[in-house]
2 protein chains.
Amino acid sequence: MSRKNSNTPKKSRYPGAKKTERYIQSSILMALKIRSSYGYELIKGISQFGFVEGQAPPGMIYRHLRDLEENGLVSSEWQTQGAGPAKRVYRLTPEGSEVLDFWIEYMKNQVEKLLNFIKIYQNNKMT
Amino acid sequence: MSRKNSNTPKKSRYPGAKKTERYIQSSILMALKIRSSYGYELIKGISQFGFVEGQAPPGMIYRHLRDLEENGLVSSEWQTQGAGPAKRVYRLTPEGSEVLDFWIEYMKNQVEKLLNFIKIYQNNKMT
DNA sequence: TGACATATATCCTCTAAACATATATATTCA
DNA sequence: TGAATATATATGTTTAGAGGATATATGTCA
């Protein structure tokens, strides 16, 4: 993908260009489904879910965590025991777990849509 | 999906909420791959590709068409023959066709990511 | 004690979608 | 024949979400 090629038009949207859907919320919910965690650990760890490469932007993670907590999808508490600075540990709530279920359904639906689009493309490839 | 339920938090991101990736550009490119077309026809027709329900918002279609043409992915000409008002007919350029190829690759990649995420979920469903 | 690591957090900017609005020509119908 | 409707085009504004920048605090280590 030559998005960074200097003679690539800048205004046109290219696959993987900025602002693609990155499923940050669903990745956070998933991480907390597996195990309670804290911001910094999430920043480093959510790339395992495939939508983010390397470390997630802190801005995204903390904003999402705040929103999620305001809306009751996660809860948090300070943990001061253990090594290093105090950590704010987040835990998934039952409602958060339910929203993750919805995300999974949404993703399944998205997969169908994408596969259908690809099929249309292949059926028209020679035209 | 209870997004419209009045006691659903409004600030939290829910699947299918506003601003999800809608693949308008790829849908337009696909439509023009199949057959040259004009704005109004695209508005009515791109729902066939699955990402838009009903008629696409005119604002989205015309803006995208303008951008696509500015960047050489499509070309257009006025067609005044035939019934009804004059139509501005758009045709896919070779570069546009190439970008559609990239979109297809991007989508295949996205499918893999989504399926992987779903698999992680199912592997952790009982925790 | 300063450099570095861990850990948290907010603000600003930009992009893409949603929404609103407008105009012009052609066709239909009372 | 004129108003209503359909076809066809287009732009401006607002909103939501991602990207980027920046800052602060505590703990660890050389």
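Rules of the game
- Once a new chain begins, its residue numbering starts again from 1 and follows that chain's sequence as written.
- Think of it this way: whatever chain is written first is A, whatever ligand is written first is 1, and the rest follow in order.
- In keeping with the predicted nature of the model, local features appear solely for residues at pLDDT of at least 70, side-chain atom pairs appear and are counted solely at 80 or more, and the whole-chain, interface and lining totals rest on all residues.
- Excluded from the side-chain calculation are hydrogens and water; included are all heavy atoms of the structure.
- Here a strand is any run of E in DSSP of at least two residues, a helix any run of H or I of at least four, and the numbering for each starts at the N terminus.
- Working definition: with a 1.4 Å probe on protein chains only, accessible area under 20% of the residue-type maximum means buried, over 50% means exposed, and in between means partly exposed.
- Only heavy atoms matter for contacts: two residues are in contact if any of them lie within 4.5 Å across the pair.
- Only the protein chains shown count as cover for residues, and all accessible areas are computed by the Shrake-Rupley method using a 1.4 Å probe.
- Copy-to-copy superposition: least squares on the C-alpha atoms, limited to residues that have pLDDT of at least 70 in both copies.
- DSSP calls a pair of strands paired once it identifies at least 2 bridges connecting them.
- Confidence scores per residue from the predictor, reported as pLDDT, run from 0 to 100.
- Working definition: residue near molecule or strand if any one of its non-hydrogen atoms lies within 4 Å of it.
- We call two N or O atoms a polar contact when they sit within 3.5 Å, provided that within protein one can donate a hydrogen and the other can accept it, with sequence-adjacent residues counted only if both atoms are side-chain atoms.
- Only Asp, Glu, Lys and Arg are considered charged, only Ala, Val, Leu, Ile, Met, Phe, Trp, Tyr, Cys and Pro nonpolar, and every remaining residue, Gly among them, polar.
- Salt bridge criterion: a side-chain nitrogen from Lys or Arg within 4 Å of a carboxyl oxygen from Asp or Glu.
- The rule is short: rings of Phe, Tyr and Trp, with Trp giving its six-membered ring, pair when the centres are within 6.5 Å, and they are stacked under 30 degrees, edge-to-face over 60, tilted in between.
- Between the N-to-C directions of two axes lies an angle of 0 to 180 degrees, each axis being a line fitted to C-alpha atoms and, for a helix, fitted only over the stretch in contact.
- Every helix has an expected span of 1.5 Å times one less than the residues it contains.

### Regarding the overall build of chain A
Link 1 in the chain: Each helix and strand counted, chain A has four helices and three strands in total.
Link 2 in the chain: Helices (α) and strands (β) of chain A occur, in sequence order from the N terminus, as α-β-α-α-β-β-α.
Link 3 in the chain: Per-residue burial for chain A yields a buried fraction of 44% across its 127 residues.
Link 4 in the chain: Considering only residue pairs separated by 6 or more positions, chain A has 46% of its internal contacts joining residues 24 or more positions apart.
Link 5 in the chain: As displayed, chain A has an accessible area near 7,100 Å², and 49% of this comes from carbon and sulfur atoms.

### Quick notes on the relation of the copies chain B and chain A
Link 1 in the chain: Its rotation angle being 180°, the transformation that places chain B on chain A also includes 0.0 Å of axial translation and leaves an RMSD of 0.1 Å. The superposition of one copy onto the other is thereby described by a two-fold rotation axis.

### Description of the sheet that holds strand β1 (residues 37–38) of chain A
Residues and elements named next belong to chain A.
Link 1 in the chain: Strand order in the open sheet formed by three strands is β1-β3-β2, with antiparallel pairing between adjacent strands. Each end of this open sheet is capped by a strand with a single partner; those strands are β1 and β2 (74–79).
Link 2 in the chain: Sheet topology note: the β1/strand β3 (residues 87–92) ladder contains two bridges and is antiparallel. Its bridge partner lying in β3, Ser37 is registered against Tyr90.

### A short note on the confidence of the model for chain A
Link 1 in the chain: Confidence in the prediction for chain A averages 85 pLDDT; 84% of positions are at 70 or higher.
Link 2 in the chain: A low-confidence stretch, residues 1–11 of chain A stays under pLDDT 50, and its non-local contacts, those more than four residues away or across chains, total 14 contacts.

### Quick notes on the protein's contact with DNA strand D
Link 1 in the chain: Close to DNA strand D lie 27 residues; Arg22(A), Lys19(B), Arg63(B), Lys87(B) and Arg88(B) are nearest.
Link 2 in the chain: Taking the atoms of DNA strand D that fall within 4 Å of the protein, sugar and phosphate contribute 64% of them.
Link 3 in the chain: Interatomic distance of 3.4 Å between a side-chain N/O atom of His64(A) and a phosphate oxygen of DNA strand D.
Link 4 in the chain: Measuring from a phosphate oxygen of DNA strand D, one finds a backbone N or O atom of Arg88(B) at 2.4 Å.
Link 5 in the chain: Residue assignment for the surface near DNA strand D shows that the elements contributing at least two residues are α3 (58–70) of chain A together with α2 (39–45), α3 (58–70) and β3 (87–92) of chain B.
Link 6 in the chain: Tallied by class, residues from the surface near DNA strand D come to 11 nonpolar, six polar and 10 charged.

### Thoughts on the pattern of salt bridges
Residues and elements named next belong to chain B.
Link 1 in the chain: The final tally for this structure, using the stated rule, is six salt bridges over all chains.
Link 2 in the chain: Close ionic contact of Arg91 with Glu77 constitutes a salt bridge, the shortest N to O distance being 3.4 Å. On the criterion of sequence distance, the pair formed by Arg91 in strand β3 and Glu77 in strand β2 (residues 74–79) is long-range, its members being 14 residues apart.
Link 3 in the chain: Judged by relative accessible area, Glu77 falls into the partly exposed class, the value being 43%.
Link 4 in the chain: A salt bridge links Glu105 to Lys108, with the nearest nitrogen and oxygen atoms 3.6 Å apart. With Glu105 and Lys108 both in helix α4 (residues 94–123) and three residues apart, the pair spans about one turn of that helix.

### Remarks on the packing of aromatic side chains
Residue and element names in this part refer to chain A.
Link 1 in the chain: Applying the stated criterion across every chain, the model contains 10 aromatic pairs over all chains.
Link 2 in the chain: Ring centres 4.6 Å apart and planes at 40° place the aromatic pair Tyr23 and Phe51 in the tilted group. Here Phe51 lies in the loop between α2 (39–45) and α3 and Tyr23 lies in the segment before α1 (24–34), a separation of 28 residues in the sequence. Across this residue pair, the class does not change: Tyr23 and Phe51 are buried.
Link 3 in the chain: Assessed through its relative accessible area of 3%, Tyr23 is described here as buried.

### A short note on the sheet that holds β3(B)
To summarise the sheet geometry, strands pair through backbone hydrogen bonds and adopt either a parallel or an antiparallel arrangement.
Residue and element names in this part refer to chain B.
Link 1 in the chain: Strand order in this open sheet of three strands is β1-β3-β2, and the pairing throughout is antiparallel. A single partner strand is all that each edge strand has here, and the edge strands are β1 (37–38) and β2.
Link 2 in the chain: Of the pairings in the sheet, the one linking β2 to β3 comprises six bridges and is antiparallel in character. Opposite Gln79, over in β3, you have Lys87 as the bridge partner.
Link 3 in the chain: α3 contacts β2 and β3 of the sheet and is inclined by roughly 115° relative to β2.

### A word on α3(B)
Residues and elements named next belong to chain B.
Link 1 in the chain: Counted at 1.5 Å a residue, the expected span for α3 with its 13 residues is 18 Å, and the 18 Å between its end C-alpha atoms agrees.
Link 2 in the chain: Packing partners of the buried residues in α3 comprise α1 (24–34), α2, β2 and β3.
Link 3 in the chain: Looking one or two residues past α3, Gly72 carries a phi angle of roughly 80°, positive in sign.

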